[in-house]
Amino acid sequence: MKPVIVTDPARADLDQVTRLADYGVATVHEALGRSGLLGAELRPIQDGARIGGTAVTALCWPGDNLMIHAAVEQCREGDVLVVTTTSPCRDGLFGELFATALRRRGVRGLVTTTGVRDVAELRGLGFPVWSAAVSAQGTVKATAGAVNVPVVVGGQLVRPGDAVLADDDGVLCVRREDVRSGLVKAQARLEKEAAAREAFANGQLGLDRYGLREKLEALGVRYLSAEEYEKEQA
């Protein structure tokens, strides 16, 4: 890794990213072919927050938050700060003071593979955070890393300027080139779900709506009465 701070990455259109976030992580994830999810480890420290913004990335050394300080300067209105480390780390790299600085710059939230601390204060500030851990363990500021370079989170590539969506269901990265088409696909998915919801509310079963009875039959699944089942088990 070369120590570098990239100051002018291309960013996805913020209005489009904001609209995409309104569909929710699960809907957009399904609409885009189940791609871009940043793993089940990233959990919200609050309930009910839903954000979408453009990624500013910070690659830090374990136990060292120097590059988060550098990343704050590169953040602007509508960004989401994405922090990861060169090897696994659950120390509390981020807390209330960072959140205060980021709020002042219009940053919409934090996504980090590390730990965070000052959780009560973060909730009180209303600053949304998705993290892999909560830890009071402090850090140093000693080793150079990188800001606004591509990073890997949950096996997915996150580039600076890509769209990052986050809510109670998790965190999703959408390539900045795919945001526009994502809006079209997410709307189609929403309409499909609305039709299914109405059908289920009227009593239709998923087995019939999705043709799953035929699939069960093809897989060799049989319907047996309790008596027939007991006889087969004897």
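See the structure above.
Residues numbered from 1 in each chain as written. Predicted model: local features only at pLDDT ≥ 70, side-chain atom pairs only at ≥ 80, totals over all residues. Heavy atoms only, no water.

1. Structural notes on the overall build of the protein
The helix and strand inventory of the protein stands at nine helices and 12 strands. When its C-alpha atoms are laid out on the principal axes, the protein stretches across 70 × 45 × 35 Å. Here the protein holds 234 residues, and the buried ones make up 45% of them. Across the protein, every contact between residues at least 6 apart in sequence was considered, and the portion connecting residues at least 24 apart equals 75%. Of the accessible surface of the protein, which amounts to about 12300 Å², a share of 51% is contributed by carbon and sulfur atoms. Across the protein, 28 positive and 31 negative side-chain charges occur, with their mean positions spaced 5 Å apart. (Helix = DSSP H or I, 4+ residues; strand = E, 2+ residues; numbered from the N terminus. Buried < 20%, exposed > 50% of the residue type's maximum accessible area, 1.4 Å probe, protein only. Contact = heavy atoms within 4.5 Å. Areas by Shrake-Rupley, 256 points an atom, 1.4 Å probe, with all protein chains shown as cover. Lys, Arg positive; Asp, Glu negative; His and termini not counted. Charge placed at Lys NZ, Arg CZ, Asp CG, Glu CD.)

2. Details of the pairing of strand E3 (residues 51-60)
Of all 10 residues in E3, 10 are buried; the element is thus mostly enclosed. Sheet topology places E3 next to strand E11 (residues 163-167); four bridges connect them, and they run antiparallel. What sits directly across from Gly 52, in E11, is Leu 165. Of the strand pairs in this sheet, E3 and strand E4 (residues 79-85) are connected by seven bridges, and their pairing is parallel. Residue pairing for E4: Ala 58 is matched across the bridge by Val 83. Where E3 and strand E8 (residues 146-147) come together, two bridges link them in antiparallel fashion. Looking across to E8, one finds that Ala 58 is bridged to Val 147. (Pairing = 2+ DSSP bridges.)

3. Some thoughts on the nonpolar core
Grouped together as the largest cluster of nonpolar side chains are 26 residues, with contacts concentrated most on Ile 68, Leu 81, Phe 94, Leu 102, Leu 110, Phe 127 and Val 129. Among the elements of the structure, E3, helix H3 (66-74), E4, strand E5 (92-94), helix H4 (96-104), strand E6 (109-116) and helix H5 (119-125) are those that each provide at least two residues to this core. Among the elements that make up this core, the one with the highest residue count is H3 (five residues). Apart from the residues lying within four places of it in its own chain, the contact partners of Phe 127 are Gln 46, Phe 94, Ala 99, Leu 102, Arg 103, Val 107, Gly 109, Leu 110 and Leu 122. In terms of nonpolar packing, the next biggest core, distinct from the first, is built from 19 residues, Leu 42, Ala 49, Trp 130 and Val 171 among them. (Core = buried A, V, L, I, M, F, W, Y, C linked by side-chain atoms within 4.5 Å.)

4. Describing the packing of aromatic side chains
The full count for this structure, using the stated rule, is three aromatic pairs. Ring geometry for Phe 94 against Phe 127: centres 6.0 Å apart, planes inclined by 20 degrees, an arrangement best described as stacked. Residue Phe 94 is located in strand E5, and its partner Phe 127 is located in the loop between H5 and strand E7 (129-134); the two are separated by 33 residues in the primary sequence. For the pair Phe 94 and Phe 127, one class covers both residues: buried. Centroid distance Phe 200 to Tyr 210: 6.1 Å. Interplanar angle 85 degrees. Geometry classified as edge-to-face. Linking Phe 200 in helix H6 (residues 179-201) with Tyr 210 in the loop between helix H7 (206-209) and helix H8 (212-218), this pair joins segments that are 10 residues apart in sequence. Members of the aromatic cluster, connected to one another through ring pairs, are Phe 94, Phe 98 and Phe 127. (Phe/Tyr/Trp six-rings, centres within 6.5 Å; stacked < 30°, edge-to-face > 60°.)

5. Quick look at the pairing of E11
Along E11, five of the five residues are buried, which leaves the element largely enclosed by surrounding structure. Of the two faces of E11, the one lined by Ala 163, Leu 165 and Asp 167 and the one lined by Val 164 and Ala 166 are each fully buried. Alignment of E11 against strand E12 (residues 170-174), held across five bridges, turns out to be antiparallel. Counted as the bridge partner of Ala 163 is Val 174 from E12. In sequence, E11 turns back onto E12 through a hairpin of two residues.

6. Points about the environment of Val 25
By the element assignment, Val 25 lies in helix H2 (residues 25-31). Using a relative accessible area of 2% as the deciding quantity, one classes Val 25 as buried. Here the alpha-carbon distance between Val 25 and Pro 9, two residues 16 residues apart in the chain, equals 24 Å. Aside from chain neighbours lying at most four places away, what touches Val 25 is Leu 37, Leu 165, Ala 166, Asp 167, Gly 170 and Leu 172.

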